[in-house]
Each structure stands twice: as structure tokens, then as C-alpha cells.
Amino acid sequence: MLHQSLVDSLLKELEPTLQVVQVPLDGRMVSPWLLTTRWHEHMAGKDIKQLCSLVALPKNNDADIPGLRDAVEAYYEEALSLLDRTGELVLQRLNSPDPTKSGISNTPFHKHLYKSTMKQYILPVVALLAMLIRQEYSGKDFTGSNNKLMELLAVLRIQDPEEGGRDALPLIHELLFQVWSTAWTHQGDGDIVDPTERCLALMMLRQDGAFKEPQEVTPVIARLEYCMRLTFLKEIHQRMHLDPESDELDHCLALESFFTEKTRYTFSCLRSLQHRASSLAYDTMSLPQVWWTDTKTWKTMLYRGEQVCFVDLCKVFQETEAKLVQIWEEGILMGQDIRVEYDKIADDLVNKDVGYSFLSDARNPQLTHRDGLLRRFLQDQDAFSHFAMIREGKIVWNRSGLQAWLRSYAELQSLLLLRAQMLSGAPSRGTELTAMTYRNTQTRPTRNLVVLGKHLSLLCQYLKTTALTGKDKLIPHALDAITSDILVQDLALARPFAEVAAKACFPEKPEVVDLYRNHVFVNYDRLFDSKDLSTIMTKHSLPILNFGLTINSWRHIQTAWKRKLGCAVEDIIEMDREDNVEALQAGHNRSTENRVYGISVEALAGAAEDVLPAYLNASMDWQRHCQVPLSGQSTSYKKARLAPPPPPNPPPAPAMEQREQQQQPDKRPVTYSALSTEEIQRVADAVVERLPSTEDIAAKVLEKLMPALKGILQEAMPSSEKGKDKGKGKAKESRGTKQGNDFSFFSIINQGFKHSAHT
């Protein structure tokens, strides 16, 4: 016991040193990110918990800072409303962080695609204001403060947004503008002078005293930059109100130094940190999250220490398939034997009409009559009594029965969403997959559910680039046969009844009915989100894998497997970028040719016709490895389940062999086999028939040799025969002798060549 007490006392003496930020004496013990920011030096020796508590987000019932988050949210909602009243040139300048280098952006400053995104973007601003208030009321001065800032902080602390209404919004704006329009200068005391950078450093400090990696810093800086632009936009409109004679562009130019780079203000400081963090994040090789334990068949891996087997993953797909069929037959159809038969589906990919989909195409008459399940429920006495009753000649719906059916329908939708995410090739992002439409709308003329040949496919929109560049990037994902057929049956039979049920259950929410009318996946009274998708994946994978999959972990695991199994699609885009002779001959590169000339699938922005099948083949390759019925069968899910699973493709050759094959593409293994006498004779006869005749060979040889032979013979003639003093008779005799010699000589040569050619 005595020894144990001594050990405990020694360990207790070390605790104070573990509760403060440490600064190693050896610079090699410091990461490149901290070497460039020096945040650890500014916080050296300070209590970690106290530092983290300064930027902790206040709760709604926080007694010290009541209603701060709600006030900040209301402030930025008011700022966002000003975008519609601002000229495009001003918004373009607000969205140009470095106009001297990159010029004025053509893309104006705009709202996010989702309203909920702004609730996440304001959190760094809430932490900043909370930090300033806590430092002010701690009774200690902090670096960079001034009298005006202290006055604003005191008023904001006393003001209760919940009681005072919107009176706090002008105070928040004045405080933020004061902080972000001040040129903070270092005072030599080692502290971070700029309050925004100080807040950022504290937000990146972990509870164990370590700092977050650069890739975790960049999203926070991006949120701060967005909020700063909104604050400056609000300042522009306030100055226009005070000085209506000046144009909004003049006020924008007066404030431009506050929201551009290479200045003395906060925005420039954050942009500099953003550039450094991005450079380190892109150039630094992180340790692998996947470690292969089976390097022969690539069927077993460790993901962050958790073992994941491909066989178990296939069991997850089998279980979800059985569950999907069960819910469809029992929970949705409720035992009704009804089905829409089809062997092919026509779809006009370039049709932009509002409301168009392959379900409304007149060439698909079996899909256009979508009231089959509704009529079946009304005709069946048991089903009708479950959902409604007749009173005074009118249908009175049983809301509890309809709500129970809609919940079963939401479970069906969750399984369809799960299989679309995990079995259609490379995984999509949750925000893209959960917002897909199956018909054209007024604001989104390109639907996400299309039929490419015989493949029911999802066009996954890359919303990240859409928000950043204002352009759509649509990538097709082919659904497996089970998911494809049940989804077609769902939209053709169950979806009309779901619209009726939603209208009866949510009479005061017409937007819910619109969700069922337009979107592919609906979660009862709302759309699914990324958290819902991760929860669904965890629910169905945890019992089998003993490890709950999420969107993020699945992207790592599936990407690692598809690379090893030979169904990766990283090179598909490169196919579109490589130039060929035909494109260069036409005066442009292949990318321009594929994007502009001869395109028949203009629904896919920038995708070439010969690239589209590669995406579908990538989806089918992954489905083949997962042992599920392949896409493109156009058959019922019952027949697809009875068919034997397709054999997987063999894994690709190792990288070294692939490089050798690429370097020697024409090299083929040489094989030898004995030929029979008849085969040899047939080959010889075929060769002889193709050869020219001996006369043709001799004639061509003589034609080539005649000039040279004549010259040789003329030089060899005796000089006496060439004299001019010879008589005519003798000359004629001489010429006759010469001609006779020439004839006999050439005859001998000709006969010799003929004999040689014949031989």
C-alpha cells in the first residue's frame, strides 16, 4: 500500500503539467501547421479547460449569455434577405477575395442550397461573440480591446434577445463590423491580437491540449468568410440608408479592403491561414485508414482497426434484399397480387417539360395508369375498412391507418435509399442522394431518375461543385435489378396512393404532398438527410459486421475494395480529357468535341456518349462482386432473385504487370503446333496463287536492268567499229553483227531470269 501511495502521489504531481498547453524545446516535435501559426506558443502554459470554455457554444438556457445563438441566426437571416435587393456587380465584388490577382468573379455572392446550412455557418460567429463576452466579464483586459468594443460588449451582455426582440441585432452588427474592420497590430506580448484568429485557434484546441489538423481548420475559416461577407453587405445597405445619394457600388468600393486579401484586416488574415492550411492538407500524406489483411483475394481488411470481411458485406445485401421484398409485399401491397409488367421502358432524356418522366411517357402505357393500387384498396373490403369508411356518400379517411402505412412506406424508402447508396457503384454524397427527383420540376428541369438503355439509373448531382461554380455535374449510377424493379413498381403503383395518404394526413402541409409528387425518396413527412442515411446504414450493418457503417466510413471502405477488385472508375473522366487525332484534326481537343459536337445526351452536362457506358459498367462490376442481380435486366424482382448470381470478374493484374503490358501492348505469347501434310499443302497452294507469274517477274527485272546493260555493252564495243572512215557496207555489216550480239546476249539473260524465277 505504501508503494502504491507513492506512485499515486508522483502521478498526481504530473497532472498540472498535463492540463496546460505544452511547447516543446525541439522544433522537430512541432507540426508544420503549428510552425506557421505558432498557436501553441501563444497559449503556452495556459489551462486547457479554461481556454476551451471561452469558445464553448452557449446553450439556449445559458444564464450568462441568454439567446445569443438565436440572435445571431436572426441577424444573418436579415442579412441574407438583402441579397435580393443588391446589384449583381456588388455581389460579384463581394465574392472576389483577390481581385488584383484573379479579377472580379463572374459568380455573384449567393445563398446556400439548403436553409439548414446557415445554422452551421453561424456557429463560429456565435463562438466569437461568446468569447468576447466571457473575456469582458471575467474582469480582465484582453489584448486588442478598445473602449468602443467594451461598450458594445456590455450592452450586448445586458440585452436579452428573447425579451428585447430585435433590438440586439444592431448591436451585433456594430460589434462584428468593429472587430472585422479594425487593423489589429501586434503588441509584442505573445498573445494573438486579432479576436477572430484567437477564437479560431481556441476552436481548434482539443480537450487533450492538441490542435486539430489543417483539413479540419479550412471548413471553419470558410464559414467565417461567408458570414463576414454578409456583415459587410449589411453595412453597405446601412450606409445607403444614411447616404442615399451615393451608389451602392461606391459604398462597396469604400469597404472593399475589408473583404479582400493582402490587406491589414481580419479577412486577409483568415485567407492567408486558409491558403496555408489548404496547401498542407493537399500535400501531406495521411496514414491509411484501411489496412489489408488478405493481400491475395482482397476480401478482408481492417478499417481503423475494425475487421471488415467482404463475405459479411454480401450478407448485409442479402438481408436488406429479403427485408425489402417483405416490406413491399406485406407492408405496402398488404398481400395484394398486383404488378406492372414491362420488358422495356422508353425515356426521352432531353425532354425538359415540367412534370415529365418515363412514368408519363405515352410510349409506356403500362406505367401511365398509376391508380392500380388505389383502386385495388378501394375494391377490397378488408383493405378499404383499414384505411377509410363511407359516411353520407363520402370517403372518410382513417388517419391512423394511413399514418401507419406511410411509416411502412418510409421504411421501404429507407431500404431503397440504402441499396442505391451501396450497390450502384461509387457511393454518392448524402446531400445529393436524398434530394433526388424522379420528374422534371419548374426549378430543376433535369430529373435524377432516368432510363439509360435498359438501365434504371440515378443521375447523382455533385452539389458541392454546383454551389461553388454554379454548374451541374451529373454522374449516372445504375441500380441493381431488385432495386430497379421494386422502385418502378413503387412509383407506378404505391406512390399515387402515398400522395393521397399524405394529403389526408397533412391537410395543412401541401409541401409534404409535393415531396411525394416529385422526389424519389421520402421519409414520412420530410426528405431524408445525411444523418438519416448513416443511421440506416448502421442499423443494417451492425448486426452482421459488428461494426456500424456510415456515409464517411463506407466511402473509404468501398473505394478501397473497388480499386482492388478492378471496378474503379477513376480513369473514366480521363477518357474524356485525352486527345485523339480526329479531334485535333478538327481543330479542337477531345473535351471540346465531346462537350459540343454530336452529343445526343445533353441531359448530362459535359459527359460524352462513349463515357456513359463506362459509368454503367462500373456499377455492374461492383454488383457482380457483391453477388446481386445486375442492372439492365428489365425483369421482375422475383425472377431476378431466382436467377443464379453472376460470377465476379477476376481481380486486375498487379500494378507492375499492368505497366509492363502498357509498355509492350503488342507483345503476345508465342505458341507452336504441328501442321498436317494437307494443311501444309493448302497453305503452299494459297501462297503460290498470290505470287505473280515468272514472265511478269522477268519482264519487271529486265525493265529495271536494261538501261544499265546497254551502257555496259556500249562501253565494251571495239573502237574500230565506231570509226567514221568505214564504208557503208562494212558499217551495215558491223551494225548487223552488233545487233545479233545484243539479241543473243539479252536472250541468254532473259532465259536465265526465267529459269531462276521458275525455280
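For the structure, check the block above.
Residues numbered from 1 in each chain as written. Predicted model: local features only at pLDDT ≥ 70, side-chain atom pairs only at ≥ 80, totals over all residues. Heavy atoms only, no water.

Caption draft 1: View of the overall build of the protein. Broken down by element type, the protein carries 36 helices and 8 strands. In the protein, buried positions account for 43% of the 759 residues. A separation of at least 24 residues holds for 68% of the contacts in the protein among residues at least 6 apart in sequence. (Helix = DSSP H or I, 4+ residues; strand = E, 2+ residues; numbered from the N terminus. Buried < 20%, exposed > 50% of the residue type's maximum accessible area, 1.4 Å probe, protein only. Contact = heavy atoms within 4.5 Å.)

Caption draft 2: Summary view of unusual backbone geometry. Here the phi dihedral of arginine 304 falls at roughly 50 degrees; this positive angle occurs in a residue that is not glycine. Relative to the elements of secondary structure, arginine 304 occurs in the loop between β2 (300-303) and β3 (306-309). Residue classification places arginine 304 among the exposed residues on the basis of a relative accessible area of 63%. Of note in the backbone geometry, tyrosine 524 takes a positive phi value of approximately 65 degrees without being a glycine. Inspection of the secondary structure puts tyrosine 524 in the loop between α25 (510-518) and α26 (530-545). Judged by relative accessible area, tyrosine 524 falls into the buried class, the value being 16%.

Caption draft 3: Structural view of helix α27 (residues 551-565). The first and last C-alpha atoms of α27 sit 21 Å apart over 15 residues, in line with the 21 Å expected at 1.5 Å per residue. Buried within α27 we find Ile551, Ser553, Trp554, Ile557, Gln558, Thr559, Ala560, Trp561, Lys562 and Leu565. Of the residues trailing α27, glycine 566 is marked for its positive phi of about 85 degrees. (Expected span 1.5 Å × (residues − 1).)

Caption draft 4: Focus on a nonpolar patch on the surface. There is a patch of nonpolar side chains on the surface, built from Leu378, Ile390 and Ile395 and spanning about 260 Å² of accessible area. Structurally, the position occupied by isoleucine 390 is in strand β4 (residues 388-391). (Patch = residues over 30% accessible without salt bridge, like charges linked within 9 Å, V, L, I, M, F, W, Y side chains within 5 Å. Areas by Shrake-Rupley, 256 points an atom, 1.4 Å probe, with all protein chains shown as cover. Salt bridge = Lys/Arg side-chain N within 4 Å of Asp/Glu carboxyl O.)

Caption draft 5: Spotlight on the pattern of salt bridges. The tally for this structure, following the rule as stated, stands at 19 salt bridges. Put simply, glutamate 235 and arginine 239 hold a salt bridge, and the shortest N to O gap is 3.0 Å. Note that glutamate 235 and arginine 239 are positioned in helix α14 (residues 214-242) at a spacing of 4 residues, about one turn of the helix. Judged by relative accessible area, glutamate 235 falls into the buried class, the value being 10%. Taking relative accessible area as the criterion, arginine 239 reaches 27% and is therefore assigned partly exposed. Among the ionic pairs, arginine 624 bridges to aspartate 621, the shortest N-O distance being 2.9 Å. Taken together, the positions of arginine 624 and aspartate 621, both in helix α31 (residues 612-625) and 3 residues apart, correspond to about one turn of that helix.

Caption draft 6: Quick look at the side chain of threonine 86. Mapped onto the fold, threonine 86 is located in the loop between α5 (68-80) and α6 (88-94). Overall, the relative accessible area of 10% leaves threonine 86 in the buried class. Of note is the side chain of threonine 86, whose polar atom sits 2.8 Å from the side chain of histidine 237. (Polar contact = N/O pair within 3.5 Å; in protein donor to acceptor, adjacent residues only side chain to side chain.)

Caption draft 7: A look at the nonpolar core. Ranked by size, the top nonpolar core spans 92 residues in total, and within it Trp405 and Trp561 carry the most contacts. Of all hydrophobic cores here, the second largest spans 73 residues; its members include Tyr76, Leu82, Leu224 and Leu230. (Core = buried A, V, L, I, M, F, W, Y, C linked by side-chain atoms within 4.5 Å.)

Caption draft 8: Quick look at the sheet that holds strand β1 (residues 290-292). One open sheet holds the 3 strands; their spatial order is β1-β2-β3, and the pairing between them is antiparallel. Here the strands that pair on one side only, and so sit at the sheet edges, are β1 and β3. Within this sheet the neighbouring strands show an average axis-to-axis angle of 30 degrees, counted without direction. Alignment of β1 against β2, held across 3 bridges, turns out to be antiparallel. The residue bridging tryptophan 292 from the neighbouring strand is methionine 301, located in β2. (Pairing = 2+ DSSP bridges. Axes fitted to C-alpha atoms, helices over the stretch in contact; angles between N-to-C directions.)

Caption draft 9: Looking closely at the environment of isoleucine 390. Here isoleucine 390 falls in the exposed class, since its relative accessible area comes to 54%. Leaving out residues up to four positions away in the same chain, isoleucine 390 has contacts with Phe384 and Ile395.

Caption draft 10: Expanded view of the pairing of strand β5 (residues 394-397). Strand direction decides the pairing type here: β4 and β5, joined by 4 bridges, are antiparallel. From the neighbouring strand, methionine 389 faces β5, where its bridge partner is valine 396. Between β4 and β5, which pair antiparallel one after the other, the connecting turn spans 2 residues, and glutamate 392 there sits at a positive phi close to 55 degrees.

Caption draft 11: Representation of the packing of aromatic side chains. Going through the model one piece at a time under the given rule, you end up with 23 aromatic pairs. Geometrically, the ring pair formed by phenylalanine 232 and phenylalanine 259 is tilted, given 5.9 Å between the ring centres and 40 degrees between the ring planes. Taken together, the residues phenylalanine 232 in helix α14 and phenylalanine 259 in the loop between α15 (248-255) and α16 (266-283) connect sequence positions 27 residues apart. Look at phenylalanine 232 and you get buried, because its relative accessible area is 0%. A relative accessible area of 0% means that phenylalanine 259 is categorised as buried. Ring centres of phenylalanine 506 and tyrosine 524 lie 5.5 Å apart, and the angle between their planes is 80 degrees; on these two criteria the pair is classed as edge-to-face. Residue phenylalanine 506 is located in the loop between α24 (481-505) and α25, and its partner tyrosine 524 is located in the loop between α25 and α26; the two are separated by 18 residues in the primary sequence. In this structure an aromatic cluster arises from ring pairing among Trp292, Trp298, Phe310, Trp554, Trp561 and Trp622. The residue whose ring lies beneath lysine 564 is tryptophan 298, and the NZ or CZ to ring-centre distance is 4.3 Å. (Phe/Tyr/Trp six-rings, centres within 6.5 Å; stacked < 30°, edge-to-face > 60°. Lys NZ or Arg CZ within 6 Å of the ring centre and 35° of its normal.)

Caption draft 12: Layout of α31. Under the 1.5 Å per step criterion, the end-to-end length of α31 is 21 Å for 14 residues, consistent within 8% with the ideal 20 Å. Counting buried positions along α31 gives 12 out of 14 residues, so the element sits mostly inside the fold. With its phi angle positive at about 60 degrees, glutamine 627 sits one or two positions after the end of α31.

Caption draft 13: Examining the side chain of serine 428 more closely. Of note, serine 428 is situated in the loop between α21 (399-423) and α22 (430-433). Those residues in contact with serine 428, other than ones at most four positions away along the chain, are Gln421, Leu433, Cys460, His477 and Arg555.

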